[in-house]
Amino acid sequence: MACALVAGAFAFNSCGSSDDDDAPKTNLTTPKYAEHAYKFVFSDTPIQEGETSTKELVPNNALVAQAEFTEGGLFVGKIDQKIVPNGSKLRRIATVKDMGDTEFVWVMGAYTVKVEGNVINLIVADGELTFTITADNGNTTSITLNVSQLEQVVNLNAQEMKVVANDNVDGDLCRTWKVVKTNLIYTPYENGKAKAAVAKSFNGANLKEISDYLYDEQDLDIREELLKHGNSIEKVAFTKRGSFAIDFGQSISMGDWSWTDKSKGVFSYTWYEEDMENDFDGDGATVRFDGNNCVLVLNGKVRESANNKEYTVFLQFTMQAPEQ
Amino acid sequence: MKRFSFILLGTALLFSTTMLAQETDKNIFNHLGVGLSVGTDGLPGIDLSTKVTDYVGVRLGYGFMPKFKFKQDVDYTYHGSDYTTEGEFKLNNGTFKMLFDIYPAPKSTSFHVTAGFYAGSSELITLKNTESPIPGIDPVDYGSGGITLGNPEHNKFIGTDLDGNVKGRVKVNGFRPYLGIGFGRSVPNTLCSVNFDLGVQFWGKPKMQVYKFDYIENLDGTITDKSTWIEFTKKDFEETDTYEGDKDVYDILNIANKISVYPVISLRVGFRCF
């Protein structure tokens, strides 16, 4: 539950206004790699207009199934495990099952961009992988993949996922964020009535510190759930092509998101990991901008019994973008 | 909008009575008076007054209000435990005033209708803790939160400042239109006169707010003060299916919400300068 709470539903509130001109203005700069934030799916299955989910697509080659380059400079890819060298700068996230003979693995790393005329080189993990895109009038005409491990250059057939969120508010949100402060409110219940709530603030998003506090001071043990993916939230990334990722340090959870009610800022999501829960009992979550801070509030309170207790946990993350 | 309406009303009355007057005093603004008053708008109040026409006078002044203080225990919850500390409440109600007295029948009576405005601090009542720091708070939590008030499901919390202190206020409109009636002339016809005024200031619905001290350590290591006022309404203390409520606080806020006007009762002695 707690892991779903922490890495659970995100409901994006477009600052309470369906008219983007009324949205509070920030001074956030355009992310460094916004112009080259691509998302490719290497599959022959046609992608429907507006579709953001890529879970069920069958890859058309044995090296790479999906490659995304975020506005914040992160590469997230579903690639053949054999092209990830020993000591790779790519972090392995999860192994993807049921991909036929090829064992694909989700990886994440940093990428840089080198442009030479109409040729765009997306250099991943200091050259372990290089995707070379040839463009014509802004449209991708060909993609090759240079795998340093195999000393091999491969032509790939790709479908480019379209941008699904591209107004000013999306531009502010879609970047990589770091959590600078977490506000926690823990409310125990007794016989259906809320007892005195406990509010505490933490620098950053140190999940271990939060779970230790709840265990040591409030006699609530949710350490196993809260620390399932790591001891802290290092980064949170949103992309305009409908992906999000949460870097827990020891692992990364990712998924696809798309608007369900943009006027209210609500969006649906699916996790790439099947054991992540999508259900969220409550009002959803909101995101608002406070100056150049992005405040992510998990507004949906989860009530369930654990250790014979009824309680809710409310989390508010204040995030800042490192590149601003 | 209300502010603009009252100014418009005062101006319209001023010009309309001037135009309708059978006789007009051609010596406009040629008389000056001084007034000293006691009342709910000042203890004391002082003003300068002048006669625009026989039908209209204007008073400009200030009402000094002693900063009355009273102490009251305040309950709060910190990390699930209840605490009590003594709070000092202080009244801040000194106000400037600009009032137009309109005399419908100046030859026969000093009865007047008064329109105008008062202007003062929007912080009508301020609150601070007398015991510093307030008890129970871990110094680790200074400046970052920890105190919850009202319905836990509303997720409202505040923090102390870096020294463990809190502050609150009751906020009203700083600009308060006024409407009233009275007897007596703004500038006496003789050396002095006694005026009596009765009316109301429209100060809007009072709001109870507590200051949430909040500091954020930025990525670059600097500290940003994100402190802000948090408003608490009666709904935050109302009993619900899942919250026992706080009837005492609810009743106070319920009553306070209805007091959108402030009564003015004033006794003034005016002196004619010339």
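Residues numbered from 1 in each chain as written. Chains lettered and ligands numbered in written order. Predicted model: local features only at pLDDT ≥ 70, side-chain atom pairs only at ≥ 80, totals over all residues.

**Quick word on the interface of chain B and chain A**
Size of an interface: often given as the accessible area lost when the parts come together. For clarity, the threshold we go by: Contact between residues is assigned whenever the C-beta positions, reconstructed from backbone atoms, fall within 7 Å. Numbering of helices and strands runs from the N terminus; a helix is a DSSP stretch of H or I covering at least four residues, while a strand is a stretch of E covering at least two.
If you look at the interface, chain B gives 21 residues, while chain A gives 22 residues. Looking at the side of chain B that touches chain A, the elements that each hand over two or more residues are strand S9 (147-148) and strand S15 (215-217) of chain B.

**Observations concerning the sheet that holds strand S12 (residues 175-183) of chain B**
Residues and elements named next belong to chain B. Rules: A strand pair is defined by DSSP finding two or more bridges across the two strands. With axes taken as lines fitted to C-alpha atoms, and helix axes fitted only over the stretch in contact, angles between N-to-C directions fall between 0 and 180 degrees.
Taken in spatial order, the 8 strands of this closed barrel run S1-S2-S3-S6-S7-S12-S13-S18, and their pairing is antiparallel. On average, adjacent strands in this sheet sit at an angle of 25° to one another, irrespective of strand direction. Sheet topology places strand S7 (residues 111-120) next to S12; 9 bridges connect them, and they run antiparallel. Note that in S12 the partner of Tyr118 across the bridge is Arg176.

**Brief notes about the confidence of the model for chain A**
A low pLDDT score tells you not to read the predicted coordinates there in detail. All names here are of chain A. We count it as follows: The predictor rates its confidence in each residue with pLDDT, a number between 0 and 100.
When the pLDDT values of chain A are averaged, the result is 77; 76% of them are 70 or greater. Here helix H1 (residues 2-6) stands out as the element of chain A with the lowest mean pLDDT, 38, in contrast to strand S6 (residues 119-124), whose mean of 93 is the highest. Here residues 278-283 scores under 50 on pLDDT; set against residues more than four positions off or in separate chains, the count is 17 contacts.

**Observations regarding the pairing of strand S13 (residues 192-202) of chain B**
Note on strand geometry: in a regular strand, side chains alternate between the two faces of the sheet. All names here are of chain B. Under the convention used in this document: For every residue, the other C-beta atoms within 10 Å of its own C-beta are counted; 20 or more classify it as buried, 12 or fewer as exposed, and values in between as partly exposed. C-beta atoms are placed from the backbone.
Residue alternation in S13 divides its side chains into a buried set, Ser193, Asn195, Asp197, Gly199 and Gln201, and an unburied set, Cys192, Val194, Phe196, Leu198, Val200 and Phe202. As judged from the 11 bridges shared by S13 and strand S18 (residues 261-272), these two strands associate in the antiparallel manner. What sits directly across from Ser193, in S18, is Gly270.

**Section: the environment of Asn139 of chain A**
Residues and elements named next belong to chain A. Along the chain, Asn139 falls in strand S8 (residues 139-147). A tally of 7 C-beta atoms within 10 Å means that Asn139 is categorised as exposed. As a C-alpha pair, Asn139 and Glu217 span 78 residues in sequence and 57 Å in three-dimensional space.

**A few points about unusual backbone geometry**
Residue Pro44 of chain B is bonded to the preceding Leu43 of chain B through a cis peptide linkage, with omega at 10°. Topologically, Pro44 of chain B is positioned in strand S2 (residues 42-51). Note the cis peptide between Ser132 of chain B and Pro133 of chain B, where omega equals -5°. Positive phi, normally seen in glycine, also occurs at Ala125 of chain A, with a value near 50°. Among the secondary structure elements, Ala125 of chain A is positioned in the loop between S6 and strand S7 (129-136).

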